[in-house]
Amino acid sequence: MSDAAGIIERPSPVASRGRAPSRRRAGAVGGHHRNIGGVWPVLVLFLPPALVLFTLFVILPMGEAAWYSLFDWSGYGAPEDFVGLKNFETLWRNGAFRTALTNNGLIILVSLALQLPLALWLATLVSHRIPGTTAFRLVFFLPYVLADVAAGLIWRFIYDGDYGLVASLASLVGIATPYVLADRDYAIYAVLAVVVWKYFGFHMMLFIAGLQSIDKSLYEAADLDGATPWQKFRTITLPLLSPTIRLSVFFSVIGSLQLFDMIMPLTGGGPSNSTQTMVTFLYTYGVTRMKVGFGSAIGVVLFLICVTLAFSYRRIFMRHD
Amino acid sequence: MPIKIRGRLARGIAAACLVAAGLTGFSGAAAAQTTVRLMHVEANPNYVAVWRKLADDYQTQHPGVTIDLQFLENEAFKAKLPTLLQSNDAPDLFYSWSGGVLKAQAEAGAVQDLTERMQADDGAWAKSFSPAALAGSTINDKTLCVPLKMSMTGFFYNKALFEKAGVDGTEIRTWDDLMAAVEKLKAAGIVPIAGGGGDKWPLHFYWSYLALRLGGEPAFTAAKAGEDGGFTAPPFVEAFAKLKELGEAEPFQPGYLGTRWQDTLALFGDGRAAMLLTFDDSANRQAAAAADGKGIPREGLGTFPFPAVSGGASQGSETFGGVNCWAVSRNASDEAIAFVRWFSGPEAQRVMAENGMLIPAAAGADAGIKDPIVKGFAEELGRSSYHQIFLDQDLGPSVGRVVNDMTMEVVSGQLEPDEAAQEIQDAFELE
């Protein structure tokens, strides 16, 4: 994981870093003056393609979205009707957008409070190298492999009140079939259940990787000292796994904010916008209503939220990773 | 790490796209054939087969022209079109509901104005269509698309279920009759109406028809001109009140707020709901959607027009439905226009009518209608004093979606009639 932090350039990683990387870097520094003639050709040859693509497909669209968000524009022709910040104002007053924001918050909360502990618990169960665990790992990981849209369709069928699994279960128990996806109070919880089901496997895999990199001798030492399983978990596993946990939380938060493909086949944001997330809201109100200016405003807000969260999270929690 | 991976992926995809774009560009130039791309939303495989057959016939008569029929699901089609039309990948011909959406597309120069072509040779092309169909495809004196069909909505009912509940479908003439039928059906343990709330628009038929029966043509003309308080005028609020009353009677299947349109058709076709407010050609649609692929046989189906509302301004002769047409995109070839002229001409439309697919827009092709149910609708349409196009198309995508949303909110008891009317008016004024 230490290399992951390398994306954020920091002034002097060499001194504080561990063994292997520092040696490599020291070598590079030593050979520095020999390479000096080679820097420019490399720069000229290798930087432009990446830079051009990045500008073309990332920076430019972002800038365009920010520009469009100031217009009342249908998406046809060129934007001409300049409205200033009116789109943002409308957005702020929109009840469905507030629902979407709340839902995104709820998804983050459930991801952190339910999904991560579940993933961690399962990871501790299946990370041991005993026969049969691979099969379990595979089973738990399967939902993540499934395409989001396919998962949404499958669960739409499961929740179906007439033919679905829920319907059969309800009739088995002898209660009235709930139509969960058609109920504006419960639909979001049905969606949350699918979110947890879909993504816990991914986080479990992260944790397994983290767990397997923990030195076994620490546990042996703890055993010799007579530590209980809980003590071992709290004093060895948790601290040594914390970089992975922080990374997993980061993925959860960003992933929750971007949730879209699964909701569309499940509920399409309905009923009465009760399962709208920010991205489905963008699609419904910006794209399908041909209000591209307004949609861009939503995009800008979403982008700002994501960037703020991502950077402050890295700054605060992942500083040492 | 995540940024790094995503960046790499994005770059990879971008590179792949560039290569793909280059390849398609090259192969397009190399092909000797002219390909006419037509994009439609027809989900019924039998209908598509009829189209394919016609297109194949055309191809044999015109070597060098390939007709490519492309399908996109209704909602996806509407969402994707703005981007598609402005790209170089725009289809030559695409399905349209006319109205506000087509107007927006025309204003942006994404579709061709066909007025000149239609009026050439003393209006030969224009005259090949029924006046109502041509009028529906003409916005501000510009003919913006080639009429394909007229459609109309009305109630279909399952005769067997009606009999079981002791309801006579031929006797439902007023809104009160309908409400009484709902009560009787419920008492007999039958779901009275199949409702497609998941897609929203199937329920906007109710409000639109109610407003049409209450206010007639004058109310709609005034509202669309922004006069008399627009959509907050009494007929529209009253229509919402009636809709609320309908919702409170709980006529729809449980969970109707999440039911998609194809499932709604299936519900009716499987005999699990007694009525459906739907398009004229729904005898075929319910059959295709039903679990057994057959649905209710023709003789088991009855229809009645949307009932009159007491105290309403109308005589019940207004109709609600659509005019569907083929829009011709900006860069469409002459071959594409020649094809669409033939494809929507009397000969081809007669074939479609014979297959019970539509009420043709081409003059004289009505004779091809064999299906008594569709014929009934066609005759009613012929007597119509005012044909209102689907509001979610007529009012444009933005206001139209608000209409759909508000219909849902009111029928499910979430919003009061006057609030819903105000929301629509607000959206209308924002346009």
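Residues numbered from 1 in each chain as written. Chains lettered and ligands numbered in written order. Predicted model: local features only at pLDDT ≥ 70, side-chain atom pairs only at ≥ 80, totals over all residues. Heavy atoms only, no water.

Student: So, the overall build of chain A: which residues are in play, and what are the values?
Tutor: Looking only at helices and strands, one finds 14 helices and 0 strands in chain A. Along its sequence from the N terminus, chain A presents helices and strands in the succession α-α-α-α-α-α-α-α-α-α-α-α-α-α. With 321 residues in all, chain A has 40% of them scored as buried. Long-range contacts, defined as pairs at least 24 residues apart, comprise 67% of the intrachain contacts of chain A with a sequence gap of at least 6. In the structure as shown, chain A presents an accessible area of about 17800 Å², 70% of it carried by carbon and sulfur atoms. (Helix = DSSP H or I, 4+ residues; strand = E, 2+ residues; numbered from the N terminus. Buried < 20%, exposed > 50% of the residue type's maximum accessible area, 1.4 Å probe, protein only. Contact = heavy atoms within 4.5 Å. Areas by Shrake-Rupley, 256 points an atom, 1.4 Å probe, with all protein chains shown as cover.)

Student: Pulling in residues and values, what's your account of the nonpolar core?
Tutor: A general feature of soluble globular proteins is that nonpolar side chains tend to end up buried together. Judged by nonpolar contacts, the single largest core of 148 residues is most densely connected at Tyr-206, Trp-207 and Met-275 of chain B. Per-element tally for this core: the top contributor is helix H9 (residues 201-224) of chain B, with 13 residues. Among all residues touching Trp-207 of chain B, those that are not within four sequence positions of it are Phe-231, Phe-236, Ala-239, Phe-240, Leu-243, Leu-391, Val-403, Thr-407 and Ile-424 of chain B. One finds Ala-96, Ala-100, Val-126 and Ile-254 of chain A within the second-largest nonpolar core, a separate group that totals 40 residues. (Core = buried A, V, L, I, M, F, W, Y, C linked by side-chain atoms within 4.5 Å.)

Student: Lay out the pairing of strand S3 (residues 93-96) of chain B in plain terms, naming residues and giving numbers.
Tutor: Residues and elements named next belong to chain B. Of the two faces of S3, both are covered, the one formed by Leu-93 and Tyr-95 as well as the one formed by Phe-94 and Ser-96. Judged from the 2 bridges that link them, strand S1 (residues 34-40) and S3 form a sheet pairing that is parallel. Within S3, the position partnered with Met-39 by the bridge is Phe-94. Strand direction decides the pairing type here: S3 and strand S9 (residues 318-328), joined by 4 bridges, are antiparallel. (Pairing = 2+ DSSP bridges.)

Student: I'd like to hear about the pairing of S9 of chain B, residue by residue, with values.
Tutor: All names here are of chain B. Most of S9 is tucked away: 11 of the 11 residues are buried. Strand direction decides the pairing type here: strand S6 (residues 145-158) and S9, joined by 7 bridges, are antiparallel. Looking at S9, one finds that Met-150 is bridged to Val-323. With 4 bridges connecting them, S9 and strand S11 (residues 386-389) associate as parallel partners. When the sheet's bridge partners are listed, Gly-321 is paired in S11 with Ile-389.

Student: For a negative patch on the surface, give the residues involved together with the corresponding values.
Tutor: Residues and elements named next belong to chain B. On the surface, a cluster of negative charge is made up of Asp-418, Glu-419, Glu-423, Asp-426 and Glu-429. Along the chain, Glu-419 turns up in helix H18 (residues 417-430). Since its relative accessible area comes to 40%, Glu-419 is described here as partly exposed. (Patch = residues over 30% accessible without salt bridge, like charges linked within 9 Å, V, L, I, M, F, W, Y side chains within 5 Å. Salt bridge = Lys/Arg side-chain N within 4 Å of Asp/Glu carboxyl O. Lys, Arg positive; Asp, Glu negative; His and termini not counted. Charge placed at Lys NZ, Arg CZ, Asp CG, Glu CD.)

Student: Could you give an account of the environment of Trp-261 of chain B, with specific residues and numbers?
Tutor: Residues and elements named next belong to chain B. If you trace the backbone, Trp-261 turns up in helix H11 (residues 261-269). Trp-261 gets classed as buried once you look at its relative accessible area, which sits at 6%. Residues Trp-261 and Thr-303 lie 42 residues apart in sequence; the distance between their C-alpha atoms is 19 Å. Non-local contacts of Trp-261, meaning those with residues more than four positions away in its chain, are made with Asp-199, Trp-201, Pro-202, Leu-276, Leu-277, Thr-278 and Phe-279.

Student: Outline the pattern of salt bridges, supporting the account with residue identities and numerical values.
Tutor: Overall, the coordinates contain 21 salt bridges over all chains when judged by the stated rule. For the salt bridge of Arg-272 of chain B with Asp-162 of chain A, the shortest nitrogen-to-oxygen distance reads 3.8 Å. Of this pair, Arg-272 of chain B sits in the loop between H11 and strand S7 (275-279) while Asp-162 of chain A sits in the loop between helix H7 (148-159) and helix H8 (165-173), each in a different chain. Overall, the relative accessible area of 35% leaves Asp-162 of chain A in the partly exposed class. Residue Lys-242 of chain B pairs with Glu-245 of chain B through a salt bridge whose shortest N-O separation is 4.0 Å. In this pair, Lys-242 of chain B and Glu-245 of chain B both sit in helix H10 (residues 234-248), 3 residues apart, roughly one turn of the helix. Taking the relative accessible area as the measure of exposure, Glu-245 of chain B reaches 31% and is therefore partly exposed. One salt-bridge network, in which partners are shared between bridges, spans Asp-162 of chain A together with Asp-270 and Arg-272 of chain B.

Student: Just give me the short version of unusual backbone geometry, but keep the residues and values in it.
Tutor: One non-glycine residue, Met-290 of chain A, lies in the positive phi region at around 55°. Here Met-290 of chain A shows up in the loop between helix H13 (278-287) and helix H14 (292-316). Positive phi, close to 50°, is recorded for Asn-140 of chain B, a residue that is not glycine. Overall, the relative accessible area of 61% leaves Asn-140 of chain B in the exposed class.

Student: Quick rundown of the domain arrangement of chain B? Include the residues and the values.
Tutor: Residues and elements named next belong to chain B. Partitioning chain B into structural domains gives domain 1 (33-151 + 322-388) and domain 2 (153-320 + 390-430). Put simply, the middle of domain 1 and the middle of domain 2, counted by C-alpha atoms, are 26 Å apart. Taken together, the contact pairs 30 residues of domain 1 with 30 residues of domain 2. Both faces considered, domain 1 and domain 2 share a buried interface measuring about 2600 Å² in area, 51% of it formed by carbon and sulfur atoms. (Domains from an automatic or database assignment. Buried area = accessible area lost by both parts, 1.4 Å probe.)

Student: Tell me about the confidence of the model for chain B, and please be specific about residues and values.
Tutor: Residues and elements named next belong to chain B. Chain-level pLDDT for chain B is 88 on average; 93% of the residues reach the 70-or-more range. Considering only residues more than four positions removed or in separate chains, one finds that residues 1-31, a stretch of pLDDT under 50, has 14 contacts. Scoring the predicted complex yields pTM 0.78 and, for the interface, ipTM 0.74. (pLDDT = per-residue confidence, 0-100.)

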